[in-house]
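# Notes for the structure review
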Amino acid sequence: MMLVENLTVHYGGIKAVNGISISVPAGKIVTLIGANGAGKSTTLNAISKVIPMKSGTILYCGEDVTRLGYRQMVEKGLVLIPEGRHVFPDMTVMENLKIGAYLRRDSQVRADIDHMHELFPRLAERSNQLAGTLSGGEQQMLAVARGLMTKPRLLMMDEPSLGLAPLIVKNIFSIITGLNREEGLTVLLIEQNAHAALKIADYGYVLETGTVGLEGSGAELLKNTQVREMYLGKTN
(Lines give C-alpha, C1' and ligand atoms only; values in the text may rest on other atoms or scores of the structure.)
Protein backbone atom coordinates (compact mmCIF):
# COMPACT_ATOMS: atom_id res chain seq x y z
CA MET A 1 0.00 0.00 0.00
CA MET A 2 2.81 2.43 0.84
CA LEU A 3 6.48 2.47 -0.06
CA VAL A 4 8.81 5.08 1.41
CA GLU A 5 12.23 5.28 -0.22
CA ASN A 6 15.31 7.15 1.04
CA LEU A 7 13.36 9.54 3.27
CA THR A 8 15.55 12.33 4.66
CA VAL A 9 14.44 15.03 7.09
CA HIS A 10 16.62 17.85 8.41
CA TYR A 11 16.12 20.09 11.43
CA GLY A 12 18.47 22.92 10.60
CA GLY A 13 21.83 21.27 10.09
CA ILE A 14 20.82 18.09 11.91
CA LYS A 15 19.78 14.98 9.96
CA ALA A 16 16.87 13.68 12.03
CA VAL A 17 16.06 11.02 9.42
CA ASN A 18 18.79 9.86 7.08
CA GLY A 19 17.67 7.76 4.13
CA ILE A 20 14.96 5.59 5.68
CA SER A 21 13.14 3.11 3.42
CA ILE A 22 10.09 1.19 4.66
CA SER A 23 7.24 -0.76 3.10
CA VAL A 24 3.69 -1.05 4.46
CA PRO A 25 1.69 -3.84 2.74
CA ALA A 26 -2.08 -3.50 2.51
CA GLY A 27 -3.97 -5.12 5.38
CA LYS A 28 -0.90 -5.47 7.61
CA ILE A 29 0.33 -3.92 10.85
CA VAL A 30 3.85 -2.51 10.61
CA THR A 31 5.67 -1.01 13.56
CA LEU A 32 8.66 1.28 14.02
CA ILE A 33 10.53 0.86 17.29
CA GLY A 34 13.66 2.46 18.64
CA ALA A 35 15.05 4.70 21.36
CA ASN A 36 13.94 8.27 21.91
CA GLY A 37 15.45 10.47 19.22
CA ALA A 38 15.80 7.62 16.71
CA GLY A 39 13.54 9.42 14.20
CA LYS A 40 10.30 7.51 14.62
CA SER A 41 7.91 10.44 15.07
CA THR A 42 9.80 12.51 12.51
CA THR A 43 9.29 9.73 9.97
CA LEU A 44 5.51 9.63 10.48
CA ASN A 45 5.22 13.41 10.53
CA ALA A 46 7.12 13.66 7.25
CA ILE A 47 5.05 10.93 5.58
CA SER A 48 1.81 12.65 6.58
CA LYS A 49 3.22 16.08 5.55
CA VAL A 50 3.03 17.61 9.02
CA ILE A 51 6.69 18.56 8.52
CA PRO A 52 8.64 18.93 5.26
CA MET A 53 10.94 16.24 3.98
CA LYS A 54 14.36 17.09 2.58
CA SER A 55 14.38 14.31 0.01
CA GLY A 56 12.93 10.90 -0.76
CA THR A 57 9.89 9.38 -2.43
CA ILE A 58 6.52 8.28 -1.06
CA LEU A 59 4.38 5.92 -3.15
CA TYR A 60 0.85 5.31 -1.88
CA CYS A 61 -1.49 2.86 -3.61
CA GLY A 62 0.77 3.06 -6.65
CA GLU A 63 0.70 6.87 -6.82
CA ASP A 64 3.60 9.21 -6.17
CA VAL A 65 2.32 11.42 -3.34
CA THR A 66 5.68 12.93 -2.40
CA ARG A 67 4.61 16.49 -3.24
CA LEU A 68 1.07 16.40 -1.87
CA GLY A 69 0.02 18.37 1.21
CA TYR A 70 -1.45 17.20 4.51
CA ARG A 71 -5.10 17.69 3.54
CA GLN A 72 -4.62 15.82 0.27
CA MET A 73 -3.06 12.91 2.14
CA VAL A 74 -6.05 12.73 4.49
CA GLU A 75 -8.43 12.87 1.53
CA LYS A 76 -6.62 9.84 0.09
CA GLY A 77 -7.11 7.93 3.35
CA LEU A 78 -3.66 8.27 4.91
CA VAL A 79 -4.28 9.55 8.44
CA LEU A 80 -1.98 10.29 11.40
CA ILE A 81 -3.01 10.11 15.06
CA PRO A 82 -0.19 12.17 16.59
CA GLU A 83 1.59 11.67 19.87
CA GLY A 84 0.01 13.54 22.77
CA ARG A 85 -3.67 13.01 21.85
CA HIS A 86 -4.33 16.61 20.73
CA VAL A 87 -8.09 16.54 21.14
CA PHE A 88 -10.00 19.81 20.89
CA PRO A 89 -10.38 20.50 24.64
CA ASP A 90 -13.17 23.09 24.41
CA MET A 91 -15.34 20.92 22.18
CA THR A 92 -17.46 18.00 23.31
CA VAL A 93 -16.64 14.37 22.62
CA MET A 94 -19.36 14.30 19.96
CA GLU A 95 -18.02 17.45 18.30
CA ASN A 96 -14.52 15.98 18.21
CA LEU A 97 -15.86 12.89 16.46
CA LYS A 98 -17.71 14.99 13.92
CA ILE A 99 -14.55 17.00 13.24
CA GLY A 100 -12.91 13.71 12.26
CA ALA A 101 -15.49 13.36 9.49
CA TYR A 102 -15.08 16.96 8.28
CA LEU A 103 -13.77 16.04 4.82
CA ARG A 104 -16.28 13.26 4.25
CA ARG A 105 -19.23 13.63 1.89
CA ASP A 106 -20.91 10.26 2.38
CA SER A 107 -24.05 9.39 4.33
CA GLN A 108 -22.47 7.01 6.85
CA VAL A 109 -21.16 9.51 9.40
CA ARG A 110 -23.90 8.88 11.95
CA ALA A 111 -23.47 5.10 11.60
CA ASP A 112 -19.72 5.45 12.09
CA ILE A 113 -20.21 7.54 15.23
CA ASP A 114 -22.40 4.74 16.56
CA HIS A 115 -19.62 2.29 15.65
CA MET A 116 -17.08 4.39 17.60
CA HIS A 117 -19.43 4.29 20.59
CA GLU A 118 -19.49 0.50 20.30
CA LEU A 119 -15.69 0.32 20.15
CA PHE A 120 -15.26 2.87 22.95
CA PRO A 121 -18.33 2.73 25.26
CA ARG A 122 -16.74 5.33 27.55
CA LEU A 123 -17.04 7.89 24.75
CA ALA A 124 -20.74 7.20 24.43
CA GLU A 125 -21.15 7.82 28.16
CA ARG A 126 -19.29 11.13 27.84
CA SER A 127 -20.68 12.24 24.50
CA ASN A 128 -21.64 15.74 25.69
CA GLN A 129 -18.65 16.24 27.97
CA LEU A 130 -15.86 18.64 27.02
CA ALA A 131 -12.87 16.70 25.73
CA GLY A 132 -10.47 18.68 27.91
CA THR A 133 -12.11 17.29 31.04
CA LEU A 134 -11.57 13.64 30.09
CA SER A 135 -8.90 11.48 31.68
CA GLY A 136 -5.71 10.77 29.73
CA GLY A 137 -6.95 7.34 28.71
CA GLU A 138 -10.30 8.70 27.58
CA GLN A 139 -8.60 11.41 25.53
CA GLN A 140 -6.48 8.77 23.81
CA MET A 141 -9.61 6.77 23.03
CA LEU A 142 -11.15 9.93 21.57
CA ALA A 143 -8.05 10.66 19.49
CA VAL A 144 -8.14 7.14 18.04
CA ALA A 145 -11.89 7.31 17.40
CA ARG A 146 -11.59 10.74 15.76
CA GLY A 147 -8.86 9.37 13.49
CA LEU A 148 -11.05 6.43 12.55
CA MET A 149 -13.89 8.82 11.69
CA THR A 150 -11.85 9.99 8.70
CA LYS A 151 -12.37 6.49 7.21
CA PRO A 152 -8.63 5.85 6.78
CA ARG A 153 -7.17 3.27 4.47
CA LEU A 154 -3.82 3.53 6.23
CA LEU A 155 -3.83 4.64 9.86
CA MET A 156 -0.56 5.90 11.33
CA MET A 157 -0.39 6.00 15.13
CA ASP A 158 2.31 7.72 17.18
CA GLU A 159 2.74 6.33 20.71
CA PRO A 160 -0.93 5.44 21.44
CA SER A 161 -0.01 3.89 24.80
CA LEU A 162 2.12 6.78 26.11
CA GLY A 163 1.40 7.49 29.77
CA LEU A 164 -1.61 5.19 29.99
CA ALA A 165 -2.52 2.47 32.46
CA PRO A 166 -1.82 -1.10 31.28
CA LEU A 167 -5.52 -2.01 31.12
CA ILE A 168 -6.29 0.92 28.81
CA VAL A 169 -3.25 0.08 26.67
CA LYS A 170 -4.48 -3.49 26.33
CA ASN A 171 -7.92 -2.24 25.27
CA ILE A 172 -6.53 0.12 22.62
CA PHE A 173 -4.22 -2.54 21.17
CA SER A 174 -7.11 -4.99 21.10
CA ILE A 175 -9.17 -2.51 19.10
CA ILE A 176 -6.29 -1.89 16.69
CA THR A 177 -5.82 -5.60 16.00
CA GLY A 178 -9.58 -6.12 15.72
CA LEU A 179 -9.93 -3.41 13.07
CA ASN A 180 -6.98 -4.87 11.20
CA ARG A 181 -8.30 -8.42 11.21
CA GLU A 182 -12.01 -7.74 10.79
CA GLU A 183 -12.02 -4.66 8.55
CA GLY A 184 -8.64 -4.95 6.83
CA LEU A 185 -7.34 -1.65 8.19
CA THR A 186 -3.66 -1.10 7.40
CA VAL A 187 -1.68 0.29 10.35
CA LEU A 188 1.74 1.91 10.71
CA LEU A 189 2.49 2.10 14.41
CA ILE A 190 5.12 3.84 16.52
CA GLU A 191 5.24 2.48 20.03
CA GLN A 192 7.67 2.87 22.93
CA ASN A 193 6.31 -0.38 24.35
CA ALA A 194 8.29 -2.48 21.88
CA HIS A 195 7.06 -5.82 23.20
CA ALA A 196 3.38 -4.86 22.79
CA ALA A 197 4.01 -3.45 19.31
CA LEU A 198 6.00 -6.40 18.00
CA LYS A 199 3.48 -8.83 19.44
CA ILE A 200 0.73 -7.53 17.13
CA ALA A 201 2.90 -6.44 14.18
CA ASP A 202 3.26 -8.41 10.96
CA TYR A 203 6.54 -6.63 10.30
CA GLY A 204 8.81 -4.24 12.15
CA TYR A 205 11.69 -1.82 11.66
CA VAL A 206 14.19 -0.85 14.33
CA LEU A 207 15.32 2.75 13.89
CA GLU A 208 18.74 3.84 15.13
CA THR A 209 19.70 7.53 14.92
CA GLY A 210 17.70 8.22 11.79
CA THR A 211 18.39 4.99 9.91
CA VAL A 212 16.96 1.46 9.76
CA GLY A 213 19.20 -0.73 11.88
CA LEU A 214 17.20 -3.97 11.76
CA GLU A 215 14.00 -5.24 10.18
CA GLY A 216 11.99 -8.42 10.12
CA SER A 217 8.68 -9.96 11.07
CA GLY A 218 7.29 -9.07 14.48
CA ALA A 219 7.95 -12.62 15.66
CA GLU A 220 11.56 -12.55 14.41
CA LEU A 221 12.34 -9.24 16.11
CA LEU A 222 10.80 -10.46 19.37
CA LYS A 223 13.32 -13.29 19.36
CA ASN A 224 16.28 -11.20 18.20
CA THR A 225 18.91 -11.02 20.94
CA GLN A 226 19.93 -7.44 20.15
CA VAL A 227 16.32 -6.23 20.16
CA ARG A 228 15.59 -8.06 23.40
CA GLU A 229 18.61 -6.57 25.14
CA MET A 230 18.05 -3.00 23.92
CA TYR A 231 14.27 -2.64 23.83
CA LEU A 232 12.57 -5.51 25.65
CA GLY A 233 14.57 -5.47 28.86
CA LYS A 234 15.29 -9.19 28.88
CA THR A 235 17.43 -11.72 27.06
CA ASN A 236 15.76 -15.03 27.83
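Note: the structure precedes this text.
Let us look at the structure shown here. (Residues numbered from 1 in each chain as written. Predicted model: local features only at pLDDT ≥ 70, side-chain atom pairs only at ≥ 80, totals over all residues. Heavy atoms only, no water.)

Our focus in this paragraph is the nonpolar core. Formed by 47 residues in total, the largest nonpolar core has its most connected members in I33, L142, M157 and V227. Discounting residues that sit within four places of it in the chain, I33 has contacts with K40, E191, A194, A197, L198, Y205, V206, L207, V227 and Y231. With 29 residues, the next largest nonpolar core counts V17, I20, M73 and L78 among its residues. (Core = buried A, V, L, I, M, F, W, Y, C linked by side-chain atoms within 4.5 Å. Buried < 20%, exposed > 50% of the residue type's maximum accessible area, 1.4 Å probe, protein only. Contact = heavy atoms within 4.5 Å.)

In spatial order, the strands read β2-β1-β4-β5; together these 4 strands make up an open sheet with antiparallel pairing. Every interior strand has two partners, whereas the edge strands, β2 (14-24) and β5 (63-64), have only one. Two elements, strand β1 (residues 2-11) and strand β4 (residues 55-60), share 5 bridges in a ladder whose sense is antiparallel. Directly across from E5, in β4, lies its bridge partner T57. Across the sheet, helix α1 (residues 40-47) is in contact with β1, β2 and β4; its angle to β1 comes to roughly 110°. (Pairing = 2+ DSSP bridges. Helix = DSSP H or I, 4+ residues; strand = E, 2+ residues; numbered from the N terminus. Axes fitted to C-alpha atoms, helices over the stretch in contact; angles between N-to-C directions.)

Turning next to the layout of surface pockets. Think of a ball as big as a water molecule: rolled over the atoms, this probe shows where empty space is left. One number sums up the size of the largest pocket: a volume of about 500 Å³. Lining the largest pocket are 23 residues, with Y70, V74, I99, G100 and T150 sitting closest to its centre. Of all elements in the fold, only α2 (70-75), β6 (78-81), α3 (93-100) and α6 (136-148) reach the threshold of two or more residues within the lining of the largest pocket. With 4 residues, α2 is the single largest residue contributor to the lining of the largest pocket. Residues of the lining of the largest pocket, tallied by class, amount to 12 nonpolar, 4 polar and 7 charged. (1 Å grid on protein atoms, 1.4 Å probe; cavity = no way out; pocket = protein on both sides within 12 Å on 5 of 7 lines; lining within 4 Å. Points joined across faces, edges and corners; volume = space filled by probe spheres on them. Nonpolar A, V, L, I, M, F, W, Y, C, P; charged D, E, K, R; others polar.)

Our focus in this paragraph is helix α10 (residues 225-232). In an α-helix, one turn spans 3.6 residues; hence positions three or four apart end up facing the same way. All buried positions along α10 are accounted for by V227, R228, Y231 and L232. The buried residues of α10 all sit within an arc of 105° when viewed along its axis, so they share a single face. For α10, the elements touching its buried residues are β3 (29-33), α8 (194-200), β9 (203-208), β10 (211-217) and α9 (218-223). A side-chain oxygen of the first residue of α10 lies 2.9 Å from the backbone nitrogen of Q226; this N-cap is N224. (Arc of directions from axis to C-beta. Polar contact = N/O pair within 3.5 Å; in protein donor to acceptor, adjacent residues only side chain to side chain.)

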